[in-house]
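# Analysis of the macromolecular model
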Amino acid sequence: MGPAAGTRASRRLFFILLAAAGCFRWVEAQHCIWYGECGDSPVSGKKYNCNYTGPPQPLEPDAYDLLKELCPGYDYGNRSLCCNADQLRTLKGSLQLPLQFLSRCPACFYNLMNLFCELTCSPHQSQFVNTVKVNGTNVVEVQYYIGKTFSSAMYNACSDVQAPSSNVKALSLLCGRDARDCNATNWIQYMFSTSNGQAPFPIDPVFSDVPVSGFTPMNNKTYACTEGLEDGSGPCSCQDCTKACGPKPVPPAALPPWTIFGYDAMNVIMGISYLSFLLVLLVLGALCYRRRPIISEYGPILDSNNPLSLNDDDLSLASPSCCETLGERFESFLRVLFSSWGSFCVRNPFVVVLGSVVLVVAFSFGLRYMRITTDPVELWSSPTSQARQEKDYFDSHFGPFFRTAQLIITTPREDNYTYSPYFGGSDVPFKAIFNKDLLHQVLDLQLAIENLAATYDGQSVTLKDICVAPLAPYNNNCTILSVLNYFQNSHSVLDHTIGDEFFIYADFHSHFLYCVSAPASLNDTTLLHDPCLGTFGGPVFPWLALGGYDDTNYNNATALVITFPLNNYLNDSVRMGKVLAWEKEFIGFMKNFSNSNLTIAFSAERSVEDEIDRESNSDINTILISYIIMFVYISLALGHIHSLRMLLVDSKISLGIAGILIVLGSVSSSLGIFSYAGIPLTLIVIEVIPFLVLAVGVDNIFIIVQTLQRDERLQNEELHQQIGRVLGDVAPSMFLSSLSETVAFFLGALSNMPAVRTFSLFAGLAIFIDFLLQISCFVSLLGLDARRQERNRLDICCCVRLPEIEDRKSDGILYRFFKKVYAPLILKEWLRPLIVAVFVGMLSFSIAAVNKVQIGLDQKLSMPDDSYVLDYFKNLSEYLHTGAPVYFVVEDGLDYNSLDGQNAVCGGVGCNNNSLVQQVYTASLISNYTTIAYTPSSWLDDYFDWIKPQSTCCRFYNSTGDFCNASVINQTCVSCRPMTAAGKERPVGDDFMRFLPMFLSDNPNPKCGKGGHAAYATAVDLKPNNSGVGATYFMTYHTILKESPDFIDALKMGRMVAKNISQSINHTVFAYSVFYVFYEQYLTIAYDTALNLGLSLAAIFVVTTVLLGFELWSAVMVSITIAMILVNMFGVMWLWDISLNAVSLVNLVMSCGISVEFCSHIVRAFSISMKSSRAERAEEALAHMGSSVFSGITLTKFGGIVILAFSKSQIFQVFYFRMYLAIVLLGAAHGLIFLPVLLSYIGPPTNKAKVVAANRRYVGTEKERLLKY
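Residues numbered from 1 in each chain as written. Predicted model: local features only at pLDDT ≥ 70, side-chain atom pairs only at ≥ 80, totals over all residues. Heavy atoms only, no water.

With that settled, the discussion passes to the overall build of the protein. The number of helices and strands found in the protein is 45 helices and 29 strands. When the accessible surface of the protein is summed, it comes to about 53,300 Å², and 60% of that surface belongs to carbon and sulfur atoms. (Helix = DSSP H or I, 4+ residues; strand = E, 2+ residues; numbered from the N terminus. Areas by Shrake-Rupley, 256 points an atom, 1.4 Å probe, with all protein chains shown as cover.)

As structure tokens, then:
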């Protein structure tokens, strides 16, 4: 053989050896590393696999279905595998929780099952699994070589899958840590670790994409979550697969502030407008000054000389128009009517007074039927409003929202510290509140509250009697949302540690850090293996139990929040009484609790109402002092004292008291009449209406009395005729103001806001009754008092009579001041333009401020200064990290038995892209805009996972058909649905309703975490006999809401999302949260305010036009001035930080009424003045009516208002003291300063018909001489 032949032979030998080696390696790859199960594992209920290195064995025929269910890729040929039926059953049991939570995304679950099937059963097992340790026949540790590509793809397909019942990602429950910290490596390591309670022995994963130590990593094909499977399963839903979604929604850009040249637009516009007005005023003033004729100093800028006056003997120079004639006749009719009536009342005082008293007593008797409403829902929400109807719908179908008692616990200690995990990892800083000794003290407090016993109707009431226990009657533990529930509310569990004499491997720190990432876990991954699930059977989410942390770093929390949800019994007074009794005991206990290491803010559901009641009681003294001051002033100021000797004769204390009693009688009559009608009172009615009626009534009293005091009795005129004549002069003015206010208030009753409507009704009737009593009962008493004074009898002690002295009448000091000093000064030619400029400036400023007034009511203002609830509100705002729950309610009528109905709502595979769950999920992605914080909990999606035939959740006793819980071991329990293609589909038709009640009664357990009893027992309203699904809800949470604008915005956004859902699924869906019913008023408060004030102004304009004798321009003057007062009120509200809400709206409506008193009397006096020029008529009107208005309203109210500043109630200080003071000061300023000046410029011309009539009426009398003087 030559060299060439030798070379060829050696090559052949090499290839033969190489082929033999390959064949040997392939044969070796076909053997197993285990087969069957042998000894017991230290992990409870688990077994080791048997060591076996032979070839794969054919599977037992009775396990074919199980193989097809778990590992369909191996269901071919003779099914020779490295596992038997026992191993498959163990695999199925171990994967129940992943199946229940991850199977909602088919690609994710397929990849996961691939991972476990290859490990457990693959005939090529020895290629990627290495036996590390064998103990006898038991394989006790292995290495599993996994491709990095496979592990990353599996993780990516599962990373977004949601757990609907807990509003978190499923990996938070399956990775042993928060989903944010989970990755492909640590997730697989956790699943193969014995610490999870499912792996029977250690399985060490080795990740590589290239062969390692002769092993080829398992790198099977994977499916992305956007891909469908070969069995027809569709891609994962957007909710479970971000990549399946379209672009992330972008919230609309916030509207930029309206600016001009970088400054607030309203400020710029009103500033320019005001400067333009000043310029025009200056130019007109200069022109008029140059053209001014030499006339009286009171000549107006405009030519207002009246050619017709009482000094003119030729009345035919001008003839009155038709309107003027009609106005004069109407005026004469009112004068005659009231004169006759006044004369009758003076002549028959006892009949009139007795009749008045009888009527007042009869009306007031209705107070025995009086009901006072303190329920905030009844006060602020109309029964016909959307929020109220939605609340009633929610309560009737799901029960009322639960009540709460809550603690917010902080510590003054500053001993923050750092925890260093034994098994490596970064150091974790903890705040002082997590010191174990403090946690023990907090737990002592929590247990003491649990053991509180109140007494109701002789019975002992404990927390267990009234608390929310979602798993009752199987588990009667109360729901307590507290981090201490991570430790089962037990001192021993809190102290549980694992370690030796040198190191601590696991303690409460490691357990806490695990539980905040997986609050629904039944077994933590630390060496402690303690549960996180609360003793009540539900999770305690960290954002509900902790406060003051940043992002999700719960270890940085500075506050512990403990919440005790209590049952709410709206229609069961006995059980509701027990709840209220326990809450009262809780509040008393917390008020007396003291611990130097803990600072505790607390509140119960009844706290706000209790504090409001206490506030009302504490303010009674303040209100009484306020009224007493006003009463004393009225009694003393009515008298016109001529001399010290005649003090007790000229005083009118008894008449003043009678006038006050008339005011109070009108109030009680109004309350009684509406109480007869069954209309409940509110605290606003009781607190505000006496103030209002006193303002209106006292003003009229002063006008009648002071006009009589200044009047000279005509020759041969008797007292009853004089008083009748005086009443004929002033009663039309009183009638004008009272009727204007009455109509304005009654129109205000059109408001949808119950508090405003009730106030308007009561106020309108009280004012009108007060007017009727004043022109009847008070006039009779005035006649009696005048007779007493004429006979020199003492006031009060009328039996005592002083000797006759010469009666010297003189004008009062205030009247002389207004006539001689104030009126001439105000109407000086040089001062009037300045006054106009100042008031127009005030108006311009206020218009610019209108849109800057805040809307809402800071709940802290409703509390007394010394209330414990203020600390709670402060801490709530400072530490709160989640908003209120929000429910998206699907009204009855949706067909859940059909796929179309299911797809319109659900969020899993096959569901519509615009389904309810999907839209809420999408909204949660832009939570800063929508205020929706999380994905909603979906009973429907969890029901679909629960009923899957692969799951052990849904089973029933084959013999009886009753539900069989997953924890029950019984051979007669069979799966609800067959392991067929049809069985794996969603239940429809009768199947849907057959098993739904079982789902809603199933308690979660380690073998089935999807039981719906705890999470969804109240979420589904089943029809009678379980014949169908009625209304249902899907719950999520709002983002953090602190101020009124936050709550208002949340309501808007909730309704916007619900509206979009309703349109998409063509079925009614509404958003409901417990605060919606209180904040709905603010959605329309601006419109309601404009409507109420607009209607009031319109009513005042119409009534004034008619009662002033159809003088349209006079009505315009009154309306303009009142409108200016109202606009200026908004300016004051902005300056004084008074928000717009129902309380301030009531005050604005009231200010509209009181403003009539400041304006109408002046305008009417101007309209009937017979002076020749507008300036002279304005001066006369101000002189005659100004003093009465000033003393009757301004001074009366000012003294009483100042006392309100000393109230303990913040709401009194802000909404009553500040607004009342502004009402009185602005009303007085406009009525006594601006209005006379305005009338002097553009007041209505003299009514020629009235001049003629007055000339005829006063011919030959002293009045004619006075008028012509």
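Having seen it, we continue.
Together, Leu 279, Val 280, Val 283, Leu 284 and Leu 287 give the surface a local cluster of nonpolar side chains, amounting to about 450 Å² of exposed area. As for its placement among the helices and strands, Leu 287 is situated in helix H9 (residues 265-290). (Patch = residues over 30% accessible without salt bridge, like charges linked within 9 Å, V, L, I, M, F, W, Y side chains within 5 Å. Salt bridge = Lys/Arg side-chain N within 4 Å of Asp/Glu carboxyl O.)

With respect to topology, four strands assemble into an open sheet ordered S20-S21-S13-S22, the strand pairing being antiparallel. Looking along the sheet, the strands with just one partner apiece sit at the ends: strand S20 (546-547) and strand S22 (599-604). Pairing between strand S13 (residues 403-410) and S22: six bridges, direction antiparallel. Note on S22: the bridge partner recorded for Ala 405 is Ala 604. Its contacts with the sheet place helix H29 (residues 868-879) against S13, S20, strand S21 (559-566) and S22, and it is angled at close to 75° to S13. (Pairing = 2+ DSSP bridges. Contact = heavy atoms within 4.5 Å. Axes fitted to C-alpha atoms, helices over the stretch in contact; angles between N-to-C directions.)

What follows deals with the confidence of the model for the protein. Scored by pLDDT, the protein comes out at a mean of 84, with 90% of its residues at no less than 70. Ignoring residues within four places in sequence, the model shows residues 1-29, a span with pLDDT below 50, making eight contacts including any to other chains. Scored below 50 in pLDDT, residues 1264-1269 shows eight contacts in the model against residues more than four places distant or in partner chains. (pLDDT = per-residue confidence, 0-100.)

Right, let's talk about the packing of aromatic side chains for a bit. One pass over the structure, following the stated rule, counts 64 aromatic pairs. Where Phe 398 meets Tyr 1033, the ring centres are 5.0 Å apart and the plane angle is 80°; that geometry is what we call edge-to-face. On the criterion of sequence distance, the pair formed by Phe 398 in helix H13 (residues 386-398) and Tyr 1033 in strand S28 (residues 1029-1037) is long-range, its members being 635 residues apart. In textbook terms, an aromatic cluster arises when at least three aromatic residues are bridged by ring pairs, as seen for Tyr 896, Trp 939, Tyr 943, Phe 944, Trp 946, Phe 963, Phe 992, Phe 999, Tyr 1016 and Phe 1034. The ring of Tyr 64 carries Arg 79 above its face, with NZ or CZ at 3.8 Å from the centroid. (Phe/Tyr/Trp six-rings, centres within 6.5 Å; stacked < 30°, edge-to-face > 60°. Lys NZ or Arg CZ within 6 Å of the ring centre and 35° of its normal.)

A word on the nonpolar core. For soluble globular proteins, the rule of thumb is that nonpolar side chains tend to be buried together. Counting residues in hydrophobic clusters, the biggest one holds 351 residues, and the most contacted among them are Leu 115, Trp 187, Trp 582, Phe 586, Phe 888 and Trp 939. In terms of residue count, the dominant contributor to this core is helix H43 (residues 1210-1242) (22 residues). Filtering out sequence-adjacent residues up to four positions away, Leu 115 remains in contact with Tyr 144, Ile 146, Phe 150, Met 154, Ile 188, Met 191, Phe 192 and Met 218. (Core = buried A, V, L, I, M, F, W, Y, C linked by side-chain atoms within 4.5 Å. Buried < 20%, exposed > 50% of the residue type's maximum accessible area, 1.4 Å probe, protein only.)

As a further point, take the state of the cysteines. On inspection of all chains with the given rule, the structure shows 15 disulfides. Shown here is the disulfide that connects Cys 32 with Cys 82, its sulfur atoms set 2.0 Å apart. When the S-S torsion is -85°, as for the bridge of Cys 32 with Cys 82, the disulfide is left-handed. With a gap of 50 residues between them, Cys 32 in the loop between helix H1 (3-29) and strand S1 (34-40) and Cys 82 in the loop between strand S4 (80-81) and helix H3 (85-94) connect regions that are remote in the sequence. For the pair Cys 32 and Cys 82, a shared accessibility class is recorded, and that class is buried. Two residues, Cys 953 and Cys 1008, share a disulfide whose sulfurs are 2.0 Å apart. (Disulfide = S-S within 2.5 Å.)

Looking now at helix H11 (residues 349-364). Over its 16 residues, H11 extends 22 Å from the first C-alpha to the last, a length consistent with the 22 Å expected when each residue adds 1.5 Å. Residues of H11 that are buried: Pro 349, Val 352, Val 353, Ser 356, Val 360 and Ser 364. Taken end-on, H11 shows its buried residues confined to a sector of 95°, consistent with a single buried face. Among the exposed residues of H11, those oriented more than 90 degrees off its buried face are Phe 350, Val 351, Leu 354 and Val 361. On its buried side, H11 packs onto helix H10 (322-347), helix H23 (653-676) and helix H26 (754-790). (Expected span 1.5 Å × (residues − 1). Arc of directions from axis to C-beta.)

Note on placement: Ile 855 falls in the loop between helix H28 (831-850) and H29. C-alpha of Ile 855 to C-alpha of Ile 1048: the two residues are 193 residues apart in sequence and 9.1 Å apart in space.

This part covers the pairing of strand S6 (residues 138-146). The element S6 is largely enclosed, with a buried count of seven among its nine residues. Connecting strand S5 (residues 129-135) to the antiparallel partner S6 that follows it, the hairpin turn spans two residues, and Gly 136 within it adopts a positive phi of roughly 70°. Of the pairings in the sheet, the one linking S6 to strand S9 (residues 203-207) comprises five bridges and is parallel in character. Considered in S9, the bridge of Tyr 144 is made with Pro 205.

For helix H19 (residues 573-592), spanning 20 residues, the distance from its first C-alpha to its last is 28 Å, which sits close to the expected 28 Å at 1.5 Å a residue. Among the residues of H19, those classed as buried are Met 576, Gly 577, Val 579, Ala 581, Trp 582, Glu 583, Phe 586, Ile 587 and Met 590.

With that settled, consider the side chain of Ser 844. On the secondary structure map, Ser 844 appears in helix H28. Look past the residues within four positions of Ser 844 in its chain and what remains in contact with it is Met 270 and Tyr 274.

Before going further, it helps to examine the sheet that holds strand S29 (residues 1069-1072). Taken in spatial order, the four strands make up an open sheet running S27-S28-S24-S29, and their pairing is antiparallel. Single-partner strands in this sheet number two, and they are strand S27 (1020-1022) and S29. Each neighbouring strand pair of the sheet contributes to a mean axis angle of 20°, computed without reference to strand direction. Relative to S28, S27 is paired through two bridges, and the arrangement is antiparallel. Bridge pairing in S28 links Leu 1022 to Val 1029. The strands that helix H33 (residues 939-947) touches are S27 and S28; relative to S28, the one it contacts most, it runs at about 105°.

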